Each structure stands twice: as C-alpha cells, then as structure tokens.
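Summary of structural features
Letter by letter, the chains look like this.
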Amino acid sequence: MTRQDAFSALISVRDEFEATKFAVGHVLRLSDRDPSLVGQYVTGLSRSDLQTCQRNLEATYFLCLFAVFEGTLRNYSKFGRKRLKEPPMERLMDSIGRYRHISPQHMQNAHAVRILRNDMIHEHQQELRLTFHDCKSHLATYLSWLPPLW
Amino acid sequence: MTLQSDDTQHWQQQRDQWLGWLDQLVSDIAAWSEHEGWGVNREQKTVTEPLLGTYSAPVLHVQISGGRIQVNPIGLHMIGAEGRVDLEGWPTLNRVKLVRRQEQWQIVTDSNVPLRLPWCEQTFVQLAQDLIGMP
C-alpha cells in the first residue's frame, strides 16, 4: 500500500460526502415544491426520512472517514511493521506515533478525532464537536507521517 | 456543413477557450508562487468530459514550507459553473474550488459558501497558507 492510496481513499469519502449532501439537499428543495415527489419514486419513503438523512449525513461520512483511517493504520501495522496483533486504536495510534516521531500536536489532533468517533459509536453522541472537514484534515495530517510506501 | 460537424466545431472552440483560461490561471499562480519563493512544478493530466471529449490540461504543484498546494482542473461543464479548478492543500486535504462564473474566477469553500474575495495574488498567497494549515 502507498500513502497516496490512503489519501486517495480519504479524498473519495470527502467527494462522496459533498455529492450526497448536494443530492439530498436538492431533492428536499424539489419536494418543498411538490410534497408528493418522494413517494412517486420510492414507496414508503417520506420527506422526513430524507430530512433525517440530511441531518445525519456529516456524522455518517465522518464514520466512513475514520474507517479509512483505521484501515490504513492496521494495514501499515501488519504489512509495514510486520505486527501480528491488532491492538485497540488508541494503542495503535500511539505506537505508530512513537515509531514515526509524529509531532505531539498532530497526535493530539488525531486522538481528538478518535475520541469523538468513540463517543458517537459507544455513547450514541449525535453532535459532531469537530466538523467533518476538521476531522479529515487531522487524520490526513497524521497519515502524512507514514512512509510513502510499505 | 452537417449539424454534427457544427457541433464538433462548437465543442472544440469551447475546449480551446477553457484551456486558454486554464493556461492563464496556472501561469498567474506560478508567477505569484515564484514571487513568494515557493517552488512550482507543472505537469499535464488527462481529462474526459462527455461533450468535450478527452484532452490534456495543466496541473500545478506549489511547494510551500510545511506542505504543498495542487492546482487541479476538474472540468468545464459543472453544475452551476463554467469550469472548476480545485486548490487542494497537502497534507490537510483542505480544499477550495475556483469556479468560473460571469467570466471571472470565484472561490467556493467545501461547505459551498462563496468567499467573496477578488481572485488576485494577495488572495492566493493567503489562501495557499490557510489550505495547508500554516499558523
């Protein structure tokens, strides 16, 4: 795997998020003018389902973003460092951080994103304390410390 | 002359005009970057659009202390714009889109909010530093 592969995967999530945000917003605007629009195409789907989708979109794509980040670190640990164990993310991030001499500020930022992800998964927190784009930048900056190829 | 060849000529003219805008944009950014002492590297990428076909467009990489900026043309036919070029920072992946509207470049953030600033050297230099998260 290359570091660029990881960046490309983050970019894909970002672009998909933007496209979906536009598409859902557009359909909602159209359905403002024609409330029967949604039901014409999908039986059982209501406008409020779309509103829920729009409300949760950022959180949904944030989780995709973090999954890409976690997948990259686990791939690097397994193939780049030949580690057989799969530690929890906190330990994995610290271990790679020490090994690659990642700056303390960049470590702290990436951990803030990890904690947010845990709160969403385990504490059912709905609100993002950081924006999707902040999270993307923090995770990408952490990944920039990985070698170009492993 | 057939309708088909009229269309071909029309899209070819549009493509040439688009490539002219891109060349001017990339030349401006390269000059502004060199003025700041930032290294620039120009290359070509292949773009395919349904109406314009496949063509080669310039891409610019700007090296700044602490990161880099990629000036990446996306295409001419975009929703709500006549042409789009992305300015993307590395490693932050922060991005703004330069979209062409009313014959000038406008800056739009990823949140789809337009930055109502004139597209000029001062704006680019500040934007470049902000995109890579320079304090």
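Provided above is the structure to which this section pertains.
This structure is a prediction, so every number in the text was calculated from the model and none was measured.

1. Focus: the overall build of chain A
Check the secondary structure of chain A and you find 6 helices and 0 strands. Listed by position from the N terminus, the elements making up chain A come as α-α-α-α-α-α. Scaling as 2.2 N^0.38, a compact globule of 150 residues should have a C-alpha radius of gyration of about 15 Å, whereas chain A reaches 18 Å, well beyond that. Across the 150 residues of chain A, 43% fall into the buried class. Only carbon and sulfur atoms are counted for the fraction: they give 55% of the accessible area of chain A, which is about 8400 Å². Looking at chain A, you have 20 positive and 16 negative side-chain charges, and the mean spots of the two groups are 9 Å apart.

2. A closer look at the packing of helix 3 (residues 47-80) of chain A against helix 6 (residues 132-143) of chain A
In a packed pair of helices, the relevant descriptors are the angle between the two axes and the axis-to-axis distance. Residues and elements named next belong to chain A. For the pair helix 3 and helix 6, the least separation of the axes is 10 Å and the interaxial angle reads 5°. As judged from the angle between their axes, helix 3 and helix 6 are roughly parallel. Every residue of helix 6 that contacts helix 3 at E58, Y61, F62, L65, F66, F69, T72 and L73 is listed here: F132, C135, K136, L139, Y142 and L143. Here the residues of the contact of helix 3 with helix 6 sort into 11 nonpolar, 1 polar and 2 charged.

3. Things to note about the packing of aromatic side chains
Scanning the model with the defined rule gives 10 aromatic pairs over all chains in all. A centroid spacing of 4.4 Å and a plane angle of 40° characterise the contact between F17 of chain A and F132 of chain A, whose relative ring orientation is tilted. A residue pair is termed long-range when its members are at least 10 positions apart, and F17 of chain A in helix 1 (residues 3-33) and F132 of chain A in helix 6 qualify at 115 residues. Judged by centre distance (5.6 Å) and plane angle (55°), the rings of F66 of chain A and F69 of chain A are tilted. Of the two residues, F66 of chain A and F69 of chain A both sit in helix 3, 3 residues apart, roughly one turn of that helix. Through a chain of ring-to-ring contacts, the aromatic side chains of W32, W38, W119 and F124 of chain B assemble into a single cluster.

4. Concerning the environment of G39 of chain B
All names here are of chain B. Turning to its location among the elements, G39 is positioned in strand 1 (residues 39-49). Between the C-alpha atom of G39 and that of R68, which follows or precedes it by 29 residues, the distance is 9.5 Å. If we skip the residues at most four places from it in the chain, G39 touches H61, V62 and Q63.

5. Some points on the packing of helix 1 of chain A against helix 3 of chain A
Residue and element names in this part refer to chain A. Two numbers describe how helix 1 lies on helix 3: the axes approach to 10 Å, and their chain directions differ by 180°. With respect to each other, helix 1 and helix 3 are oriented roughly antiparallel. By residue class, the composition of the contact of helix 1 with helix 3 is 15 nonpolar, 6 polar and 5 charged.

6. Describing the pattern of salt bridges
Residue and element names in this part refer to chain B. Tallied over the entire structure, the rule returns 13 salt bridges over all chains. Between D86 and R95 there is a salt bridge, with the nearest N and O atoms lying 3.3 Å from each other. For the residue pair D86 and R95, the accessibility class agrees, reading buried in each case.

7. Considerations on the interface of chain B and chain A
Contact with chain B, which involves 10 residues of that partner, is made by 15 residues of chain A. Here chain B meets chain A over a buried area of about 1100 Å², counting both sides, of which 52% is carbon and sulfur. Sorting the residues of chain B by area buried against chain A places W90, L93 and D110 of chain B first, and these three jointly supply 46% of that buried surface. At the boundary of chain B with chain A, the tally comes to 2 salt bridges.

8. Digging into the sheet that holds strand 5 (residues 95-101) of chain B
Residues and elements named next belong to chain B. Here 7 strands make up an open sheet; going across it, the order is 1-2-3-4-5-6-7 and the pairing antiparallel. One side of each edge strand has no neighbouring strand; the edge strands of this open sheet are strand 1 and strand 7 (114-115). Bridge analysis of strand 6 (residues 104-109) against strand 7 gives 2 bridges, and the strand direction is antiparallel. If you follow I107 over to strand 7, its bridge partner there is L115.

9. Observations regarding the pairing of strand 5 of chain B
Residue and element names in this part refer to chain B. The buried fraction of strand 5 is high, at 6 of 7 residues. Looking at chain direction, strand 5 and strand 6 are connected through 6 bridges and run antiparallel. Its bridge partner lying in strand 6, K97 is registered against V108. Remark: 2 residues form the turn of the hairpin made by strand 5 and strand 6, two consecutive strands paired antiparallel; Q102 in that turn has positive phi of roughly 50°.

Criteria and thresholds
- Residues numbered from 1 in each chain as written.
- Chains lettered and ligands numbered in written order.
- Predicted model: local features only at pLDDT ≥ 70, side-chain atom pairs only at ≥ 80, totals over all residues.
- Heavy atoms only, no water.
- Helix = DSSP H or I, 4+ residues; strand = E, 2+ residues; numbered from the N terminus.
- Rg over C-alpha atoms; globule rule 2.2 N^0.38 Å.
- Buried < 20%, exposed > 50% of the residue type's maximum accessible area, 1.4 Å probe, protein only.
- Areas by Shrake-Rupley, 256 points an atom, 1.4 Å probe, with all protein chains shown as cover.
- Lys, Arg positive; Asp, Glu negative; His and termini not counted.
- Charge placed at Lys NZ, Arg CZ, Asp CG, Glu CD.
- Axes fitted to C-alpha atoms, helices over the stretch in contact; angles between N-to-C directions.
- Parallel < 35°, antiparallel > 145°, perpendicular 65-115°, else oblique.
- Contact = heavy atoms within 4.5 Å.
- Nonpolar A, V, L, I, M, F, W, Y, C, P; charged D, E, K, R; others polar.
- Phe/Tyr/Trp six-rings, centres within 6.5 Å; stacked < 30°, edge-to-face > 60°.
- Salt bridge = Lys/Arg side-chain N within 4 Å of Asp/Glu carboxyl O.
- Buried area = accessible area lost by both parts, 1.4 Å probe.
- Pairing = 2+ DSSP bridges.

So far we have only geometry, and geometry alone does not tell us how the molecule works.
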